[in-house]
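Observations on chain architecture
Take a look at the letters that make up each chain.
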Amino acid sequence: MLTCRDVGQLLQDYVEGALEAPVRQRLDEHLADCPGCLAFIKTYKHTIAISKDLRCKDIPPELQRKLRSFIKDKLGQPDA
Amino acid sequence: MQTTDDARLVERLKARDDAALETLISHYEGKVFGLALRVTGNRPDAEEVLQDVFWRVLQHIDSFRGESKLSSWIYRITANTALEKVRKRPKTRDLPLAEELGPAMTEDGRIAEPVMDWTRLPHDELEQKELAQRLEEAIAQLPPDYRTVFVLRDIEGLSTEEGAEVLDLSVAALKTRLHRARLFLRKQLTDYVSARHPALNPPNPGRPDAHMS
Ligand SMILES: [Zn+2]
């Protein structure tokens, strides 16, 4: 039987799907019977999930313009 | 290894093709700025990093041999440029040990305290925003090396292998830092939700064997 401490050590590989099937199964058995580990794993995974939403896709238009004119200026310099 | 798209873009950049420059910038400006903003933690520094990175990329494009993906190379330049800025500042404290970031354990390795499950939060858009805001603040509290790993892997979505390549770390070292960063952030969010929604706190676990020695 895995202890909660074992679960803590396997946690990262578990959420990344990197555990061998038999180990994974033993961990699932532990989770079925341990609300503490289950809540811990769920909140660990949820932290990763909401982090994904923080990705910024576009930068502000004035910054886009600034960047392009900076690069153009640099490229226009004779020592560039 | 670089992709054929990468190779074509790099060839055009080496030929000083203006359209290629615009393709490069529009494809990478969001990624570079996103990483720079989170690693430096402030907008003026991030803007400088953004400009420096594209300038460095253009200066060194002739020596880019395609041994790594173009994206890895640009992420690497971004991480290094941003970390250079941060390292000039007073040193931040290190993260507590991983064990202290998880629940208290009994001597025989069982969880010794109730663990809150707040994954059904947020209930509404406002709470969603607040949680995201709290997460941003917690990311800013991470030591820079951990923050960089976390942003590349969990926000920008790089694979473990690519993240390790970008930061010149072993896969094992990257995984350790990533795990501790996640544990720290999970704990910060848990503490936040627990203070805001005390009703969500679980009762003490009543499993009879939890008290037996
Ligand atoms: Zn457990």
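Residues numbered from 1 in each chain as written. Chains lettered and ligands numbered in written order. Predicted model: local features only at pLDDT ≥ 70, side-chain atom pairs only at ≥ 80, totals over all residues. Heavy atoms only, no water.

1. A few points about the coordination of the zinc ion
All names here are of chain A.
- Binding of the zinc ion to the protein goes through Cys 4 (SG), His 30 (NE2), Cys 34 (SG) and Cys 37 (SG), at separations of 2.0 to 2.3 Å.
- Sequence spacing among the residues donating to the zinc ion works out to C-x25-H-x3-C-x2-C. The pair formed by His 30 and Cys 37 is uniform in burial state, with each residue classed as buried. (Donors = N, O, S within 2.8 Å, 3.2 Å for Na, K, Ca; no water. Buried < 20%, exposed > 50% of the residue type's maximum accessible area, 1.4 Å probe, protein only.)

2. Structural notes on the interface of chain B and chain A
- Each partner contributes residues to the interface: chain B has 53 residues there, and chain A has 41 residues.
- Together chain B and chain A conceal approximately 4,100 Å² of surface at their shared face, both sides included; 65% is due to carbon and sulfur atoms.
- Of all residues in chain B, Gln51(B), Trp55(B) and Arg182(B) bury the most surface against chain A, accounting for 15% of the area lost on that side.
- As a salt-bridge pair, Glu29(B) and Arg68(A) come within 2.9 Å of each other at their nearest N and O atoms.
- For the interface between chain B and chain A, the tally reads 16 residue pairs in polar contact (both at pLDDT 80 or more). (Contact = heavy atoms within 4.5 Å. Buried area = accessible area lost by both parts, 1.4 Å probe. Salt bridge = Lys/Arg side-chain N within 4 Å of Asp/Glu carboxyl O. Polar contact = N/O pair within 3.5 Å; in protein donor to acceptor, adjacent residues only side chain to side chain.)

3. Considerations on the pattern of salt bridges
- One pass over the full model with this rule turns up 24 salt bridges over all chains.
- Put simply, Arg182(B) and Glu16(A) hold a salt bridge, and the shortest N to O gap is 3.1 Å. With Arg182(B) in helix α9 (residues 171–196) and Glu16(A) in the loop between α1 (4–15) and α2 (21–32), the pair connects residues from two separate chains.
- Given a relative accessible area of 2%, Arg182(B) falls into the buried group.
- Note that Arg43(B) is salt-bridged to Glu62(A), the shortest N-O span being 3.3 Å. In this pair, Arg43(B) is assigned in helix α3 (residues 43–60) and Glu62(A) in helix α4 (residues 61–76), connecting two distinct chains. (Helix = DSSP H or I, 4+ residues; strand = E, 2+ residues; numbered from the N terminus.)

4. What about the domain arrangement of chain B?
Residues and elements named next belong to chain B.
- For chain B, the domain assignment lists domain 1 (4–87) and domain 2 (98–200).
- Between the C-alpha centres of domain 1 and domain 2 there is a distance of 28 Å.
- Taken residue by residue, the interface counts 15 residues in domain 1 and 15 residues in domain 2.
- For the pairing of domain 1 and domain 2, the buried interface totals around 1,400 Å² over both sides, and the portion due to carbon and sulfur atoms is 54%.
- Run the count over domain 1 and domain 2 and you get 4 salt bridges.
- The closest approach of N and O atoms between Glu 162 and Lys 69, which form a salt bridge, is 3.6 Å.
- Applying the counting rule to domain 1 against domain 2 returns 9 residue pairs in polar contact (both at pLDDT 80 or more).
- Those elements that provide at least two residues to the side of domain 1 that touches domain 2 are α2 (18–40) and α4 (70–87).
- Considering every element that reaches the side of domain 1 that touches domain 2, the biggest residue donor is α4, with 8 residues.
- Tallied by class, residues from the side of domain 1 that touches domain 2 come to 6 nonpolar, 4 polar and 5 charged. (Domains from an automatic or database assignment. Nonpolar A, V, L, I, M, F, W, Y, C, P; charged D, E, K, R; others polar.)

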